Amino acid sequence: MDELQKSIREWLDAKERSGFDRFMIRQMGYTMENNNDMDIRWSAYRTFLDRIHHKKLASDPTMKRWFGIGGYAVPGRETVFDICFALGLDAESAGQFLVEGLREPSFQINDYQEIIYLYGFEHGMSQEECNEMAAEYEKELDLGVAFCQTHSTHELMKMYQAKRKLPKDGFLTWMKENISFFKGYSKTVLDYFQRYKRLILESVKEDAAICLESLLEDTEFASWKRRRFIKETNLETIRRFIYSKKKIEPDLRTNILEMAQIVYSENDPNSLFIRELFSLDYDTMLANADSHKVLRMTEKRMSDLLGMAVQREKQMRAVGAASHLEKKKPEEKCPDWIRLLVRELGNDGEGGPMTAGQAYKWLQHYKKAQERRCLLIQRGDLLPMIMYMTQKDYLKRNSYDMDGYNAAEVVKSFEEVANATLSGCNMALLNKEYDLDSLFYLCIQKSEMYSLSDVLDEIRIQQQ
């Protein structure tokens, strides 16, 4: 543990990592010799203001924090698009802001707004022109749209490459003809996320099964089953046994029931997954969630990520319905198909007949609320899973014998799997200079391997 503690102290003291502030400073043509060089930060900030013609992209204190002046702040994805348009960037440079600046996926080719932005950057269009194209496209969204649920990202990119030189009207026509592809999220990324979650929970259940078998060996469970001619072992059987044997020690009783619940539960509880990956001290972890991006997984976030397909489809239908209502007078009767959609999305219809104005107002409110639920799966969501599975696979390959532990072999496995996954998800590859990425290398010390939970707990202790 001394080795880990030393590495974490060095990690916390390091000041040369590549954050969004340094990315912005480099984009303005400056380099940082040390983190305290405020003259460089101010020069880069003033250059930025000149390049965007002093456009108000956020409050002055917030924009300063993008450069590490008066604190640190990372803009959201939508604000980054505002920045890129204000700077007059091309598509390649805008993509760098997403991938290298935010550490997020590049343009989401199956999101109609982002593919229009990509087209706009390539053609030197303004953000206003792109938003007008998006508004025109939204008129085609209605209840009849059936979104494609296959892995269409690469196919759609090929189609885009063949159509990207079309004039604006022709490109928009192509989009309308292929509306089913623009579902707003990557099925590839979602499948990676679901696959890793499933593998981790399977691993947790395997470990719990071994532990449960060991615990039951310290009881009369086998003979109790035999006397009652019970062949199958399940959660109900174990509960019957535990409650019939009052002499079992309370701690043993609790541990058996806990392991049995994990092994035989038909559900995959998000809370179990999160605690397994991140920390046994879950409440403390959440209290420090702003310290590192890797600490942002909650049960709600997990639920929203797994349900993104449903949530995106609801959002798209709301967008389409609101677009249709813009052409109607507020006092007009709301079309039946929109009225039914509003009911389906959660408006119970109390208060009598619905007007177009009432439906439009409700849909606008619903869209804003829905945007908060339509999340993108990030590198910080995938990398903890990859580290966990890398360590588990290494232990299994070596029959859980750590005498021949080889740190270089673990690092190599982690990097290969992580980079293959990140590449498939159109995300930035591993980079030890990234604050988030460097955190995972702490799990692989020269003489011993540590779980991410151990590392996070030690970081918390040293920060107190």
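Residues numbered from 1 in each chain as written. Predicted model: local features only at pLDDT ≥ 70, side-chain atom pairs only at ≥ 80, totals over all residues. Heavy atoms only, no water.

*Asks:* Is there a simple way to think about the confidence of the model for the chain in this case?
*Replies:* It should be kept in mind that the predicted coordinates are not to be read in detail where pLDDT is low. Averaged over every residue, the pLDDT of the chain is 87; residues scoring 70 or more account for 92%. The low-confidence segment residues 288-293 (pLDDT under 50) makes ten contacts with residues lying over four places distant or belonging to another chain. (pLDDT = per-residue confidence, 0-100. Contact = heavy atoms within 4.5 Å.)

*Asks:* In this structure, what is going on with the nonpolar core? I would like to understand it.
*Replies:* Within soluble globular proteins, side chains that are nonpolar tend to cluster in buried spots. Ranked by size, the top nonpolar core spans 71 residues in total, and within it Leu383 and Val455 carry the most contacts. Here the element with the most residues in this core is helix α11 (residues 187-217); it accounts for eleven residues. Setting aside chain neighbours within four positions, we find Val455 in contact with Leu4, Ile8, Leu439, Leu442, Cys443 and Tyr450. Within the second largest apolar cluster, 60 residues are counted, among which are Trp66, Phe81, Phe107 and Leu141. (Core = buried A, V, L, I, M, F, W, Y, C linked by side-chain atoms within 4.5 Å. Buried < 20%, exposed > 50% of the residue type's maximum accessible area, 1.4 Å probe, protein only. Helix = DSSP H or I, 4+ residues; strand = E, 2+ residues; numbered from the N terminus.)

*Asks:* It is not clear to me how helix α9 (residues 153-163) should be interpreted in this structure. Could you clarify?
*Replies:* An α-helix turns once per 3.6 residues; consequently, residues spaced three or four apart project the same way. Inspection of α9 places Thr153, Leu156, Met159 and Tyr160 among the buried residues, and these make up the whole buried set. Along the axis of α9, the buried residues cluster in a sector spanning 120 degrees; they form a single face. Among the exposed residues of α9, those pointing more than 90 degrees away from its buried face are His154, Lys158 and Ala162. (Arc of directions from axis to C-beta.)

*Asks:* What should I look at first to understand the side chain of Asp111 in this one?
*Replies:* Along the chain, Asp111 falls in the loop between α6 (91-101) and α7 (112-122). On the basis of relative accessibility, which here comes to 12%, the residue Asp111 falls in the buried class. A polar contact is formed between the side chain of Asp111 and the backbone nitrogen of Gln113, at a distance of 2.9 Å. Setting aside chain neighbours within four positions, we find Asp111 in contact with Gly184 and Arg312. (Polar contact = N/O pair within 3.5 Å; in protein donor to acceptor, adjacent residues only side chain to side chain.)

*Asks:* Would you mind showing me how to read the side chain of Asp381 here?
*Replies:* Tracing the backbone shows Asp381 in helix α21 (residues 379-397). For Asp381, the side chain forms a polar contact with the main-chain nitrogen of Gln378, separated by 2.7 Å.

*Asks:* What is the right way to read the packing of aromatic side chains from this model?
*Replies:* Two measures describe an aromatic ring pair: the distance that separates the ring centres and the angle between the ring planes. Under the definition given, this model contains 25 aromatic pairs. Arranged with centres 6.0 Å apart and planes meeting at 80 degrees, the rings of Trp42 and Tyr45 form a pair that is edge-to-face. Placement of the pair is Trp42 and Tyr45 together in helix α3 (residues 38-51), with a separation of three residues, close to one helical turn. With a centroid separation of 5.2 Å and 70 degrees between ring planes, the pair formed by Phe221 and Phe241 is classed as edge-to-face. With Phe221 in helix α12 (residues 221-227) and Phe241 in helix α13 (residues 235-244), this pair connects stretches of sequence that are 20 residues apart. Judged by its relative accessible area of 6%, Phe221 falls in the buried class. A residue is classified by how much of its surface remains accessible, and Phe241, at 1% relative accessible area, is buried. Aromatic rings pair up to connect Tyr112, Tyr119, Tyr137, Tyr160, Phe171, Trp174 and Phe182 into one cluster. Above the ring of Tyr185, the side-chain terminus of Lys183 is found at 5.6 Å from the ring centroid. The ring of Tyr196 has Arg195 sitting right over it, with the charged end atom 5.7 Å from the ring centre. (Phe/Tyr/Trp six-rings, centres within 6.5 Å; stacked < 30°, edge-to-face > 60°. Lys NZ or Arg CZ within 6 Å of the ring centre and 35° of its normal.)

*Asks:* Would you explain α11 in this entry?
*Replies:* Between its first and last C-alpha, α11 extends 45 Å over 31 residues, near the 45 Å set by a 1.5 Å rise per residue. With a side-chain oxygen positioned 3.4 Å from the backbone nitrogen of Thr188, the residue opening α11 is Ser186. (Expected span 1.5 Å × (residues − 1).)

*Asks:* Would you mind going over a positive patch on the surface with me for this structure?
*Replies:* Residues Arg226, Arg227, Arg228 and Arg240 make up a contiguous surface patch of positive charge. Structurally, Arg226 can be placed in helix α12. Residue class for Arg226 comes out exposed when judged on its relative accessible area of 58%. (Patch = residues over 30% accessible without salt bridge, like charges linked within 9 Å, V, L, I, M, F, W, Y side chains within 5 Å. Areas by Shrake-Rupley, 256 points an atom, 1.4 Å probe, with all protein chains shown as cover. Salt bridge = Lys/Arg side-chain N within 4 Å of Asp/Glu carboxyl O. Lys, Arg positive; Asp, Glu negative; His and termini not counted. Charge placed at Lys NZ, Arg CZ, Asp CG, Glu CD.)

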